[in-house]
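Report on the structure
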Amino acid sequence: MKRLPNYSLLWVSFIVFLCTGCNPASQLSVSSPDGNLCLHVETENGKLYYELSRNGKPILDKSRLGFILKEDTLAGHLEITEALHHSFSGTWEQIWGEDRIVEDNYHEMTIRVQKTSAPKRKFNVVFRLFNDGFGFRYEFPEQEALKDFVIMDELTEFALTGDHKAWSIPYEAHFYEALYEASPVSKLGWVSTPLTMETNDGLFLSIHEANLTDYAAMNLIPKEGSITLKANLTPWSTGEKVFMKAPGVTPWRTITVGSGLKPIVETTVPFDVVEPLYEPSQEYKFGRSTWSWIMWQDPSINYDDQIRFIDLASEMGYEYTLIDGGWEKNIGRDRMEELFKYAHQKNVDVFVWYNSNGYWNDAPQDAKQCMSNSVARKKEMKWLQKCGVKGLKVDFFGSDKQQMMGLYEDILTDANEYGLMIIFHGCTIPRGWERMYPNYVGSEAVLASENLIFNQHFDDMEAYNACLHPFIRNAIGCMEFGGTLLNKRHNRTNDGGTIRKTTDVFQLATAVLYQNPIQNFALAPNNLTDTPALAIDFMKQVPTTWDETVFLDGYPGKYCVLARRHGDCWYVVGVNAQKEPLKLSLNLPMWKKGETVSYYLDDKKRQPQLEELKIKNPAEVKVVIQPDGGIILTK
């Protein structure tokens, strides 16, 4: 059994931390370990506010905190009774993400708040500052005056200091499959998190949340006539937003802050504020997978076609194949067991698709009515465990309501008992789940590869979107995109359907650019013969987990260059969404002068090339990325 991460830590209690711009006499201020970020809390006319600055310059102006309860408020008549300060320094290990060993250093302030009017209810707000951001959450200690209670609204605000440029998608109950668009904050409507912003003075911010358990998910709504964003919670059908019981806590609201995009891309803040909820029942194995549905669609969910994709996984040396929706009707459970046995003979393990069902969807795809309640779920998982299945892909979730968020947790915890990994599709965004749930291995929650099959517009926009995800969606958690499409045309026979506009090397680069510990690649059996051998050879050896990630260059919607390390092997990948070739000089200190690396690039005719590149000066490695193209340097 995999042990929980070991912590090397130092706690220091009841210390006042001072920083530039803070009132040195105030215990209601706390700084980041490097002193650059400073947060101050105060009450004014009985209302509770916080402010955030960086190097003395405001990032968040006076921003409201508090709640509207069903029969009371925790919004006015408030006083701060105590402020407690702590420090932490240590490391933790992640096995699923972008950096194997994570440095975790922060300063923390907990303020205790009480209503001055009856009933004198209490709550705490915990603020945790890292060098690259901060998080805060509310705590409701056990108390006679606050036991079972209902939250009708959360008053949490993010009062921005300017009309920043923001990249967002509209919030539509649970619909995260939309194009991220740039606009001034003043033009935003009701939007989802994560929200990435660029300030007028060159700072970048990313707002998100983490550690969501038994609570509704947060989205953001603008306060009318202002540039203040307010946290909004998806309500139950009856209007209440959250049912709670003290003691209890809310999720952490997180903001990553950086003078450039590097902290945004490399951030671990959404994971630093959470801890594992349970031990893994076994050591889960990550890896690559084939997937018939993405290119061959519904007709491929039959016994013979699944054999072909098991064989493809075996030929590629992949760990898994995914059998998508429709298997219960088109293949049947008895023949599914035959497929499982055949896959195991070929040294391939299996993921199986399920409909989440319940009252929230009427999607016809099977298998149905197996995941929405515990009795059916455990019966199904017991069968899957007996058959040697390794994971589930669960689809078609309903909303971000409290009860729906609880279903995600229930599926994950039950699955761990049966040694099953979980991918979510048609779902919400992850919120620190990789660290919370050791058998969680990805969420879609993005305009993913299936849309490249459905609509030519998304193929036309593919490079643009690829140059957004590392800065927004994939920056906050796993992104199960289902990518690397090597067909020129998106149909079964590679001669019809939508047209891929990006190059082969672009597609190979996204296998590294997009991070998810289980990668369901969109390869098809025909790619073994109709795709350049260099592409297939690359896809046979590309990993899915990383020991280190470094942002090198880029800008949202234009281009992105990342370096990722797996063991001793580095992969430097770049993609370009602009109309002209992009010439860059990269600083690549992972390689020494005189070393030779493999260099994948597109020629002027957009054809893939593999060259040997000798490093003359690691600080100035010159590359050219073609429009809608990519590069890879690896050794």
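The following refers to the structure shown.

Notes on helix H4 (residues 303-316)
For H4, with 14 residues, the first-to-last C-alpha span of 20 Å sits near the 20 Å given by 1.5 Å per residue. On its buried face, H4 sits against strand S23 (287-291), helix H3 (292-296), strand S24 (320-323), helix H6 (333-345), helix H14 (527-530) and helix H15 (533-541). For H4, the N-terminal cap is asparagine 302; the gap from its side-chain oxygen to the backbone nitrogen of aspartate 304 is 3.1 Å.

Describing the packing of H6 against helix H7 (residues 374-386)
Two elements in contact, H6 and H7, have axes separated by 11 Å at closest approach and are oriented at 40°. With respect to H7, the element H6 is oriented oblique. Contacts between H6 and H7 involve Arg333, Glu337 and Phe340 from the former and Glu380, Trp383 and Lys386 from the latter. Each residue belonging to the contact of H6 with H7 can be placed in one class, and the counts come to two nonpolar, no polar and four charged.

Focus: the sheet that holds strand S32 (residues 569-576)
Two strands in a sheet stick together by hydrogen bonds in their backbones, pointing the same way (parallel) or opposite ways (antiparallel). If you trace the six strands from one edge of the open sheet to the other, you get S30-S31-S32-S37-S34-S35, paired in antiparallel fashion. Each end of this open sheet is capped by a strand with a single partner; those strands are strand S30 (548-555) and strand S35 (608-614). Across this sheet, the average inter-strand angle for adjacent strands is 15°, counted without regard to direction. Sheet topology places strand S31 (residues 559-566) next to S32; eight bridges connect them, and they run antiparallel. Looking across to S32, one finds that cysteine 560 is bridged to valine 575. Relative to the sheet, helix H13 (residues 504-513) contacts S31, S32, strand S34 (596-602), S35 and strand S37 (630-634), its axis offset from that of S32 by approximately 125°. Set on the sheet, H15 makes contact with S32, S34, S35 and S37; between it and S35 the angle comes to about 65°.

A look at H7
Relative to the 18 Å expected for 13 residues at 1.5 Å per residue, H7 spans 18 Å between its end C-alpha atoms, a close match to the ideal helical length. Among the residues of H7, Arg377, Glu380, Met381, Trp383 and Leu384 are the ones counted as buried. Along the axis of H7, the buried residues cluster in a sector spanning 155°; they form a single face. Residues Val375, Lys379, Lys382 and Lys386 are exposed on H7 and point more than 90 degrees away from its buried face. Residues of H7 that are buried sit in contact with helix H5 (327-330), H6, strand S25 (349-355), strand S26 (391-395) and helix H8 (402-417). For H7, the N-terminal cap is asparagine 373; the gap from its side-chain oxygen to the backbone nitrogen of valine 375 is 3.1 Å. Looking one or two residues past H7, glycine 388 carries a phi angle of roughly 80°, positive in sign.

A closer look at the sheet that holds strand S2 (residues 29-31)
The strand order across the open sheet built from four strands is S2-S3-S4-S5, with neighbouring strands paired in antiparallel fashion. At either margin of the open sheet sits one strand with a lone partner, and together these are S2 and strand S5 (57-65). Put simply, the sheet's adjacent strands are angled 15° from each other on average, direction ignored. Across six bridges, strand S4 (residues 47-54) lies against S5 in antiparallel orientation. The residue of S5 that forms the bridge with tyrosine 50 is serine 63.

The rules behind these values
- Residues numbered from 1 in each chain as written.
- Predicted model: local features only at pLDDT ≥ 70, side-chain atom pairs only at ≥ 80, totals over all residues.
- Heavy atoms only, no water.
- Helix = DSSP H or I, 4+ residues; strand = E, 2+ residues; numbered from the N terminus.
- Expected span 1.5 Å × (residues − 1).
- Contact = heavy atoms within 4.5 Å.
- Polar contact = N/O pair within 3.5 Å; in protein donor to acceptor, adjacent residues only side chain to side chain.
- Axes fitted to C-alpha atoms, helices over the stretch in contact; angles between N-to-C directions.
- Parallel < 35°, antiparallel > 145°, perpendicular 65-115°, else oblique.
- Nonpolar A, V, L, I, M, F, W, Y, C, P; charged D, E, K, R; others polar.
- Pairing = 2+ DSSP bridges.
- Buried < 20%, exposed > 50% of the residue type's maximum accessible area, 1.4 Å probe, protein only.
- Arc of directions from axis to C-beta.

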